[in-house]
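Understanding the architecture of this molecule
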Amino acid sequence: MTEPGYPTEPLPSTPPTNWAAPPSPPKRRRRPAAGLLALALASALVGGGAGAAVTATLDDNTAPAAATSTAGTAVPVSAVAPSGSVAAVAAKVLPSVVSISVRGAQGSGVGTGFVFDGAGHIVTNNHVVAPGADGGTVTVRLSDGSDRPATIVGRDPVSDLAVIQVKNSQGLTPAAIGRSGVLAVGDPVVAFGSPLGLTSTVTSGIVSALNRPVRTGGAGNGSDTTSTVLDAIQTDAAINPGNSGGPLVNMRGEVVAINSAIATLGGSVDGQSGSIGLGFAIPVDQAKPIADELIRTGHAKHAYAGVQVTDVANGAKDGAVLGQIVAGGPAAKAGLRQGDVVTAVGQRPVTSADALVAAVRSQRPGDTISIQYTRGGSSHTATVTLGTAPF
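Residues numbered from 1 in each chain as written. Predicted model: local features only at pLDDT ≥ 70, side-chain atom pairs only at ≥ 80, totals over all residues. Heavy atoms only, no water.

**A closer look at the overall build of the chain**
Across its full length, the chain holds five helices and 25 strands. Looking at the chain residue by residue over its 391 residues, the buried ones come to 52%. A separation of at least 24 residues holds for 64% of the contacts in the chain among residues at least 6 apart in sequence. When the accessible surface of the chain is summed, it comes to about 16,000 Å², and 53% of that surface belongs to carbon and sulfur atoms. (Helix = DSSP H or I, 4+ residues; strand = E, 2+ residues; numbered from the N terminus. Buried < 20%, exposed > 50% of the residue type's maximum accessible area, 1.4 Å probe, protein only. Contact = heavy atoms within 4.5 Å. Areas by Shrake-Rupley, 256 points an atom, 1.4 Å probe, with all protein chains shown as cover.)

**Notes on the nonpolar core**
Formed by 29 residues in total, the largest nonpolar core has its most connected members in Phe114, Val123, Phe192 and Val249. Elements with a minimum of two residues in this core: helix H1 (86-93), strand E10 (161-166), strand E12 (188-193), strand E14 (228-235), strand E16 (254-264), strand E17 (279-283) and helix H3 (284-297). A total of five residues in this core trace back to one element, the largest contributor, which is H3. Core analysis: the next-biggest nonpolar cluster, separate from the first, contains 25 residues, Val307, Ala359, Ile369 and Val384 among them. (Core = buried A, V, L, I, M, F, W, Y, C linked by side-chain atoms within 4.5 Å.)

**Section: the pairing of E16**
Looking along a regular strand, one sees the side chains alternate between the two faces of the sheet. Counting buried residues along E16, 10 of its 11 residues qualify, which places the element largely inside the surrounding structure. Inspection of the sheet shows strand E11 (residues 176-177) paired to E16 by two bridges, in the parallel sense. Bridge pairing links Ile177 to Val255 in E16. Looking at chain direction, strand E15 (residues 247-249) and E16 are connected through three bridges and run antiparallel. Note on E16: the bridge partner recorded for Leu248 is Ala257. Linking E15 back to E16 in an antiparallel pair, the connection comprises four residues, with Gly253 at a positive phi of about 75°. Where E16 meets E17, five bridges bridge the pair, whose relative direction is antiparallel. In the strand pairing of E17, Ile262 is matched with Gly279. (Pairing = 2+ DSSP bridges.)

**Side note on the pairing of E10**
Counting buried residues in E10 gives five out of six residues, a clear majority hidden from the surface. One ladder, built from four bridges, connects strand E7 (residues 121-124) with E10; its direction is antiparallel. Bridge pairing links Thr124 to Ala162 in E10. Two strands pair when backbone bridges link them, and strand E9 (residues 147-156) and E10 are joined in this way by six bridges, in the antiparallel orientation.

**So, H1**
An α-helix turns once per 3.6 residues; consequently, residues spaced three or four apart project the same way. The set of residues buried in H1 consists of Val89, Ala90 and Val93. Down the axis of H1, the sector holding all buried residues measures 100°, keeping them to one side. (Arc of directions from axis to C-beta.)

**So, the pattern of salt bridges**
Opposite charge on two side chains permits them to pair, given that their charged atoms come into close proximity. If you walk through the whole model with that rule in mind, you get seven salt bridges. The residue Asp292 makes a salt bridge to Lys288 at a minimum N-O spacing of 3.0 Å. Here the residue Asp292 and the residue Lys288 both occupy positions in helix H3, the gap between them amounting to four residues, near one helical turn. According to the relative accessible area criterion, Asp292 is partly exposed, its value standing at 22%. (Salt bridge = Lys/Arg side-chain N within 4 Å of Asp/Glu carboxyl O.)

**Side note on H3**
The end-to-end C-alpha distance of H3 is 19 Å, a good match for the 20 Å that 14 residues give at a rise of 1.5 Å each. Those residues of H3 that fall on the buried side of the exposure criterion are Val284, Gln286, Ala287, Ile290, Ala291, Glu293 and Leu294. Following H3 by one or two positions, Gly298 adopts a phi angle in the positive range, close to 85°. (Expected span 1.5 Å × (residues − 1).)

**Regarding unusual backbone geometry**
Of note in the backbone geometry, Asp160 takes a positive phi value of approximately 60° without being a glycine. The residue Asp160 is located in the loop between E9 and E10 in this model. With a relative accessible area of 4%, Asp160 lands in the buried category. At Asn211, a residue that is not glycine, the phi angle is positive and equals roughly 55°. Relative to the elements of secondary structure, Asn211 occurs in strand E13 (residues 201-217). On the accessibility criterion, Asn211 (41% relative accessible area) is partly exposed.

Right, here's the structure in full:
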């Protein structure tokens, strides 16, 4: 499928958050449904319904009961696999991968995570643990099939990342953390998770694209309405509902991204949409600083330019139109004005409002970026030193 369409209507006059509150999701058209699906298995508890939306686009339903029949079984891996093979990667990484079960007033679900450090911290997606944030329970199942209770250390709906912690960290194996910035399109990768509740599942593929702006909507919790725009790594490694929060690793067994969403054509089997080879993951170079912040403070800071942004009207050409600009904010200090059309951030083309939001959110507060833009038919460049978002 093609990337999700982007709206052209102006944003409401509300205080900017990042570059802005990203543009509203497009209205559904009468054609085979296509959208983005966050990958936590979820079931609604309110009203006894079977499906609970975990993104703004599609519902994510409970897996068939048979799919969880082996959930407590430790999965054997090869100890003598050739170096650089998928089997060798699996042998290295699986001991660090956990399945996460969440129950709360907002619903219940199953996702994935990976051991981040020796203190028992586990990184996953915010939308995996959000249902258990207000008085719910979180249980971690290790690769050996044993269960341990966990608590939520910090959540960040903006990046769709969260950190939980098990009190008993004995026997946990932290995953090796790699670098997403050195990835190239075509590089082989391996995904880990619990699709449809099937723990310790391993799939492989390649990096299909980099810097893909992907909107996944809210977190599926009534208190989490922040739209998530990922600056994503696209992969064709099969990931499905239940893979959320699981690691995407390189052939050295190093985590390079966190699986978070898939594109779907809207079809389903037993109410569950599945992979069509278009998966999206949060680059670890962006995720690690946020995870570190969540562990230290329980909260995460985000880059901020102080301007709202929309798409170019009528899709006439690529770019993002700057709207209301905060007086004294980073964009204003750099000389940007309302109506300027941003066409690139550094060497990275900007093709839409979401592309600009993703490019800025991939940065950290205090970073300096080069903005290429047009004004009155002339091209210009501005240097913007990003501030800290007021949320």
